[in-house]
Amino acid sequence: MTLVSAMKARDNPFAIHRLQQTPYHLADTTWCDLLDKLESFNNRAAVIGQHGSGKTTLLNKLYSRFKAMGRCPVTAFANEDTPLTWRQLKQTLTANPDRQILLLDGACHLGRLTWYRLKRYTHKRQIGLIITTHNPGLLPTAYHCRTDITLLQNILKELLPPHEIPNETSLEKLYQQHNQNIREVLRTLYDQWAYQKK
Amino acid sequence: MNNLSIEIQDNQTAFTPGETMQGTAQWQLDDIPKSVTLNLLWYTQGKGTEDVSIVESIHFDTYAPTDQKPFSITLPNGPYSFSGKLLSIIWALELIVDKGSECHRQEITLSPTGQEITINTSSATV
């Protein structure tokens, strides 16, 4: 038995606030092209991808960009545990009369009628609607979030000094253990760092 | 160039619950601000979603681009400044101009000992 110093949560390189500070790695496109593509869809489009592929992170980055552009975005979040009702969504929209774009995370978790009402309401009022969802079909796909080991390595390069980045073999193992879900890989690395010997 | 600062009396950064904090909020701005607010808040950092709670807000009436205003805040009883493996609770003062177009944050410590409470050791086999 050995006494181990645990890293403070605030100092953990995989703490949420550190992850949020890392740049988003777009694949095969640029921010300029992505924003142009969204504009061509009247900002009514979907970001699709599997669990832990970076959809929410991308939506958060889009929020910052739209805000900086003066586009008054508002956000809403739905998941299996908290499926949003139409009443809640309408309240979000009416509480922010200046809003131009609704960024909805987890649109696939809305009920069919709620989705239909939201789509019609925002369309009639020319409100942008950018959603994340696991599968295509709800709105035209503007971006498909995909993960690979290179993306994971690039994220780690932002978070760790070079000598602390796990080697490719152990990263690949971790990546496959978590079914290519980068969010889960980063959570596991958080725990590893939290208990590492100082 | 905009410049914001918070000066706490005697440069004190650690406080006990219920203690009164006094200081001066100062700003030098290029333009006349619409609003200047000083928030006392705590927030979390760590593995999970971040939480934040604004405990007190002081709105300064000002139309001057360069100004300084004294403030006095009685600190609450908790939560204490804390760091564990999964979560840190951090207290701070935040000076905000025009709803966030300019912001300056200064961390403080709130605890009975004057130091962040830490749970940073555990028994484990390494």
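The residue count restarts for each chain, going from 1 along the sequence in the order it is written. By the order in which they are written, chains take letters starting at A while ligands take numbers starting at 1. For a predicted model such as this one, the threshold for reporting local features is a pLDDT of at least 70, and the threshold for listing and counting side-chain atom pairs is 80 or more; totals across whole chains, interfaces and linings nevertheless cover every residue. Side-chain numbers come from the whole structure's heavy atoms, not from hydrogens or water.

## Here's the deal with the pattern of salt bridges
Here comes step 1: The rule for a salt bridge is simple: a side-chain nitrogen of Lys or Arg has to be within 4 Å of a carboxyl oxygen of Asp or Glu. This structure, assessed with the given rule, holds 8 salt bridges over all chains.
Here comes step 2: Close ionic contact of Glu107(B) with Arg10(A) constitutes a salt bridge, the shortest N to O distance being 2.5 Å. Residue Glu107(B) is found in strand 9 (residues 102–110), and its partner Arg10(A) is found in the loop between strand 1 (2–5) and helix 1 (16–21); the two belong to separate chains.
Here comes step 3: Note on Glu107(B): relative accessible area 38%, which makes it partly exposed.
Here comes step 4: The shortest N-O distance in the salt bridge between Lys69(B) and Asp67(B) comes to 4.0 Å. A helix here means a DSSP run of H or I that spans at least four residues, while a strand means a run of E at least two residues long, and both kinds are numbered starting from the N terminus. Burial classes: relative accessible area under 20% of the type maximum marks a residue as buried, over 50% as exposed, and values in between as partly exposed (1.4 Å probe, protein chains only).

## Some words on the domain arrangement of chain A
Residues and elements named next belong to chain A.
Here comes step 1: In terms of domain boundaries, chain A breaks down into domain 1 (31–145) and domain 2 (147–194).
Here comes step 2: Domain limits in this description derive from either an automatic procedure or a database domain assignment. A straight line from the C-alpha centre of domain 1 to that of domain 2 covers 28 Å.
Here comes step 3: Should any heavy atoms of two residues lie within 4.5 Å, those residues are counted as being in contact. Every contact between the two is made by 4 residues of domain 1 and, on the other side, 4 residues of domain 2.
Here comes step 4: Polar contacts, as used here, are pairs of N or O atoms within 3.5 Å; protein pairs need one atom able to donate a hydrogen and one able to accept it. Residues neighboring in sequence count only if both atoms are side-chain atoms. Viewed at the interface, domain 2 and domain 1 are joined by 1 residue pair in polar contact (both at pLDDT 80 or more).
Here comes step 5: Ten residue types, Ala, Val, Leu, Ile, Met, Phe, Trp, Tyr, Cys and Pro, are classed as nonpolar, four, Asp, Glu, Lys and Arg, as charged, and the remainder, Gly among them, as polar. When its residues are assigned to classes, the side of domain 1 that touches domain 2 shows 1 nonpolar, 3 polar and no charged.

## A look at the nonpolar core
Here comes step 1: Note on terminology: a nonpolar core comprises buried Ala, Val, Leu, Ile, Met, Phe, Trp, Tyr and Cys residues joined through side-chain atoms within 4.5 Å. Leu38(B), Phe60(B), Phe71(B), Leu93(B) and Leu95(B) are the most contacted members of the largest nonpolar core, which totals 24 residues.
Here comes step 2: Elements supplying a minimum of two residues to this core: strand 1 (3–8), strand 3 (20–28), strand 4 (36–46), strand 5 (52–60), strand 6 (66–74), strand 8 (87–97) and strand 9 of chain B.
Here comes step 3: The greatest single-element share of this core, amounting to 5 residues, is contributed by strand 8 of chain B.
Here comes step 4: Judged by nonpolar contacts, the second largest core, of 22 residues, contains Ile149(A), Leu159(A), Tyr190(A) and Ala194(A).

## Describing helix 4 (residues 86–94) of chain A
Each α-helix turn comprises 3.6 residues. Residues three or four places apart therefore point the same way.
Residue and element names in this part refer to chain A.
Here comes step 1: Turning to helix 4, its buried residues are Trp-86, Leu-89 and Leu-93. Within helix 4, the buried residues cover an arc of 65° as seen down the axis, which keeps them to one side. In helix 4, the exposed positions angled more than 90 degrees off the buried face are occupied by Arg-87 and Gln-91.
Here comes step 2: Where helix 4 is buried, its residues contact strand 3 (73–77), strand 4 (101–105) and helix 5 (112–124). By definition, the arc is the one covered by directions from the helix axis to the C-beta atoms.

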